[in-house]
Amino acid sequence: MGSEFLGETVQVVPHLVSAVARRIKKLGESEDADVVIVEVAARSATWRRRRLSRRCVGCETWRDAKTRFQYILTLVPLLKPTNELKTKPTQHSVRALRALGIQPDAILCRLNDPTDSEEEAESLKDKISLHCGVPRDAIIYLPTLGNVYAVPGWLEKQGLAEVIMDRLGFERRDPVVPPVWKALADKPNLANDGEVSIAIVGKYTSLQDSYLSVVEALRHAELNQGIRIDLEWTPSELIEENGADRYLSKAQGIVVPGGFDKRGTEGMIQTAQYAREREIPYLGLCLGLQMMIIEFARHVAGIEEADSTEFDAAASEPVIALMEEQKNVTEIGGTMRLGAYSCVLTPGTRAYEAYAMAKINERHRHRFEYNNAYRDRLERLGLLSSGMNPELSLVEIAEISDHPFMLGSQFHPEFRSRPEQPHPLFDLFVRYARQFRPDGTQHQLFASAVSVGS
């Protein structure tokens with residue numbers, strides 16, 4: 001539907017609502033799931049389940065109205081002059097939902113300014129329960145915590161899991177919290193083997209949540225290696241204005257993440273040059289790979305006009321361009337390469353060292369590609385195509401052969417990183433960054449490859 005209408009306003013007619021309900025039911029049945037989690041307001045869910053119970057005898061997942069659980073997250077602001085938590089916004093939110101036929105089973109009260117008083121927190125729950133018609137034990141107090149990994153443990157202590165289990169008709173059981181989650185929630189005690197300075201150079205650094213997946217992937221590597229990563233946020237436009245050395249001279253590793261359009265890209269190209277010439281570990285993600293390729297083409301291969309057709313449609317040296325089959329697609333979004341694609345790795349490369357396997361699958365979200373017309377020329381000079389998509393013959397990973405670690409991926413490895421299993425590229429990048437000394441004292445640290453198990 002998205003590819004057909006491309007953002008146009010469409011009318012939601014009744015049969016569409018029915019189709020959504022059928023899809024949800026079908027998913028639960030096909031996966032033999034105990035619970036289906038759906039991010040959608042479900043006014044009609046109770047009615048449909050009752051109706052389906054007459055048509056679908058023995059359908060356990062949809063047997064009756066008690067099989068649905070709905071919660072809402074509301075903000076409880078603090079009125080600073082009186083130091084009073086205000087519940088009126090929550091009351092109005094619940095009233096508005098009821099007018100639409102939606103009754104929440106639980107309310108999560110989000111507080112930016114948490115109360116230090118247990119008595120005040122209990123009073124807050126009493127008031128919301130009274131005015132919103134939700135049981136008191138289903139009013140969950142959720143203040144700002146140290147980091148996102150502390151949230152599951154907090155919700156468990158507040159009794160949310162018990163409320164959900166009771167509502168869905170499951171037996172209560174003791175929670176199993178993976179040790180890695182507990183460790184991440186207690187981050188001050190993580191570092192026991194030093195600190196590493198990593199610079200993130202991008203165009204959206206003023207809104208750091210834009211790169212949240214990248215940051216979390218670095219944190220996963222941080223936890224795995226028992227170190228602390230000190231992130232330095234650097235707008236690429238400042239590098240254009242003032243040069244790279246002013247911002248990157250102390251960096252032990254540099255990450256250039258993804259993005260769109262031309263703004264700030266010359267600063268990213270300067271960053272890639274700075275990392276290449278000083279042998280600073282560099283990880284380029286999507287656009288970061290493309291900037292690395294353009295820099296190499298300009299300053300190593302001598303292709304001074306090397307550019308991307310994303311920034312200049314008439315570029316005379318388009319080292320980054322659309323695939324031929326994409327050029328006649330005019331709809332917005334139609335040229336995007338989305339989802340998982342396979343990638344075959346070249347043995348003896350950093351990419352192969354990271355994954356320790358010959359074939360992988362990674363997630364994509366991009367439009368422009370490394371132009372194969374330049375590949376042989378740049379490879380002869382040391383820009384290796386260490387990961388290739390066999391079906392489309394497209395470069396997925398490129399790296400510089402005589403650099404300790406300068407690698408870029410066209411896909412987004414951060415999407416597949418997990419606390420208990422850091423992504424191999426991020427993990428290896430951080431291992432090399434740990435060995436780099438920006439003051440020039442590394443003394444042959446890169447003479448041999450860093451062991452993945454070190």
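Residues numbered from 1 in each chain as written. Predicted model: local features only at pLDDT ≥ 70, side-chain atom pairs only at ≥ 80, totals over all residues. Heavy atoms only, no water.

Across its full length, the protein chain holds 16 helices and 17 strands. Burial statistics for the protein chain: of 454 residues in total, 46% are counted as buried. As presented, the protein chain carries roughly 24,000 Å² of accessible surface, and 50% of it is formed by carbon and sulfur atoms. (Helix = DSSP H or I, 4+ residues; strand = E, 2+ residues; numbered from the N terminus. Buried < 20%, exposed > 50% of the residue type's maximum accessible area, 1.4 Å probe, protein only. Areas by Shrake-Rupley, 256 points an atom, 1.4 Å probe, with all protein chains shown as cover.)

This next bit is on helix α4 (residues 88–99). Compared with an ideal rise of 1.5 Å per residue, which puts 12 residues at 16 Å, α4 spans 17 Å between its outermost C-alpha atoms and is within 8% of the ideal. For α4, the elements touching its buried residues are β1 (71–75), β4 (106–111) and α5 (118–132). At the exit of α4 stands Gly 101, carrying a positive phi of roughly 90°. (Expected span 1.5 Å × (residues − 1). Contact = heavy atoms within 4.5 Å.)

It is worth spelling out the sheet that holds strand β6 (residues 195–202) at this point. Strand order in the open sheet made by the nine strands is β7-β6-β8-β9-β17-β16-β15-β12-β13, with mixed pairing throughout. Looking along the sheet, the strands with just one partner apiece sit at the ends: β7 (228–235) and β13 (359–366). Mean inter-strand twist for the sheet, computed between neighbouring axes without regard to direction, equals 25°. With two bridges joining them, strand β12 (residues 337–345) and strand β15 (residues 383–389) adopt antiparallel strand pairing. From the neighbouring strand, Val 344 faces β15, where its bridge partner is Met 388. In this fold helix α9 (residues 212–225) packs onto β6, β7, β8 (253–256) and β9 (282–285), with an angle of close to 155° to the strand it touches most, β7. (Pairing = 2+ DSSP bridges. Axes fitted to C-alpha atoms, helices over the stretch in contact; angles between N-to-C directions.)

Our focus in this paragraph is the sheet that holds strand β5 (residues 139–143). Sheet architecture is open: three strands sit in the order β1-β4-β5, paired in parallel fashion. Where the open sheet ends on each side, the last strands, each with one partner, are β1 and β5. Averaged over all adjacent pairs, the angle separating strand axes in this sheet is 25°, with direction ignored. Note: β1 against β4, five bridges, orientation parallel.

Okay, the nonpolar core next. Within soluble globular proteins, side chains that are nonpolar generally end up buried alongside one another. Counting 40 residues, the largest nonpolar core has Leu 248, Ile 254, Tyr 282, Ile 293, Val 319, Leu 378 and Leu 383 as the members making the most contacts within it. Tallying contributions element by element places helix α13 (residues 287–299) first for this core, with eight residues. (Core = buried A, V, L, I, M, F, W, Y, C linked by side-chain atoms within 4.5 Å.)

Once that is clear, we can look at the packing of helix α12 (residues 265–278) against α13. Describing two packed helices takes the angle between their axes plus the distance from one axis to the other. Where α12 contacts α13, the axes come no closer than 8 Å and their chain directions differ by 70°. With respect to their mutual orientation, α12 and α13 come out roughly perpendicular. Viewed along their axes, α12 and α13 form a crossing whose handedness is right-handed. Residue-level inspection shows Thr 265, Glu 266, Met 268, Ile 269, Ala 272, Gln 273 and Arg 276 of α12 in contact with α13, the latter providing Leu 287, Met 291, Met 292, Ile 294, Glu 295, Phe 296, Arg 298 and His 299. Grouping the constituent residues of the contact of α12 with α13 by class yields eight nonpolar, three polar and four charged. (Parallel < 35°, antiparallel > 145°, perpendicular 65-115°, else oblique. Left-handed = near helix turned anticlockwise from the far one by under 90°. Nonpolar A, V, L, I, M, F, W, Y, C, P; charged D, E, K, R; others polar.)

This paragraph deals with the side chain of Ser 385. With respect to the element layout, Ser 385 can be found in strand β15. Taking the relative accessible area as the measure of exposure, Ser 385 reaches 8% and is therefore buried. Among the polar contacts made by the side chain of Ser 385, one reaches the side chain of Glu 379 at a distance of 3.3 Å. In this structure, Ser 385 is in contact with Thr 346, Tyr 370, Arg 375, Glu 379, Val 395 and Ile 397, ignoring residues within four places of it in sequence. (Polar contact = N/O pair within 3.5 Å; in protein donor to acceptor, adjacent residues only side chain to side chain.)

Scanning the entire structure with this criterion turns up five aromatic pairs. Measuring from centroid to centroid gives 6.0 Å for Phe 405 and Phe 429, while their planes differ by 50°, and the two rings are tilted. Linking Phe 405 in the loop between β16 (394–400) and β17 (406–409) with Phe 429 in helix α16 (residues 424–435), this pair joins segments that are 24 residues apart in sequence. Residue classification places Phe 429 among the buried positions, given a relative accessible area of 0%. (Phe/Tyr/Trp six-rings, centres within 6.5 Å; stacked < 30°, edge-to-face > 60°.)

The subject of this paragraph is the state of the cysteines. Throughout the structure, instances matching the rule amount to zero disulfides. Cysteine Cys 132 shares no disulfide, and the gap to the nearest cysteine sulfur, in Cys 109, comes to 8.2 Å. (Disulfide = S-S within 2.5 Å.)

Time to look at a positive patch on the surface. A cluster of basic residues, Lys 88, Arg 95, Arg 98 and Lys 127, forms a positive patch at the surface. Counting residues per element, the positive patch draws most heavily on α4, at three residues. Positionally, Arg 95 belongs in helix α4. (Patch = residues over 30% accessible without salt bridge, like charges linked within 9 Å, V, L, I, M, F, W, Y side chains within 5 Å. Salt bridge = Lys/Arg side-chain N within 4 Å of Asp/Glu carboxyl O. Lys, Arg positive; Asp, Glu negative; His and termini not counted. Charge placed at Lys NZ, Arg CZ, Asp CG, Glu CD.)

Further remarks concern the environment of Cys 109. Take Cys 109: it is sitting in strand β4. In this structure Cys 109 comes out as buried when scored by relative accessible area, which is 1%. Put simply, Cys 109 and Pro 77 are 32 residues apart on the chain and 9.7 Å apart in space, counted from C-alpha to C-alpha. Those residues in contact with Cys 109 that lie beyond four places of it in its chain are Thr 74, Val 76, Ile 128, Ile 139, Ile 140, Tyr 141 and Leu 142.

Bear in mind that shape data such as this cannot, by itself, settle questions of function.
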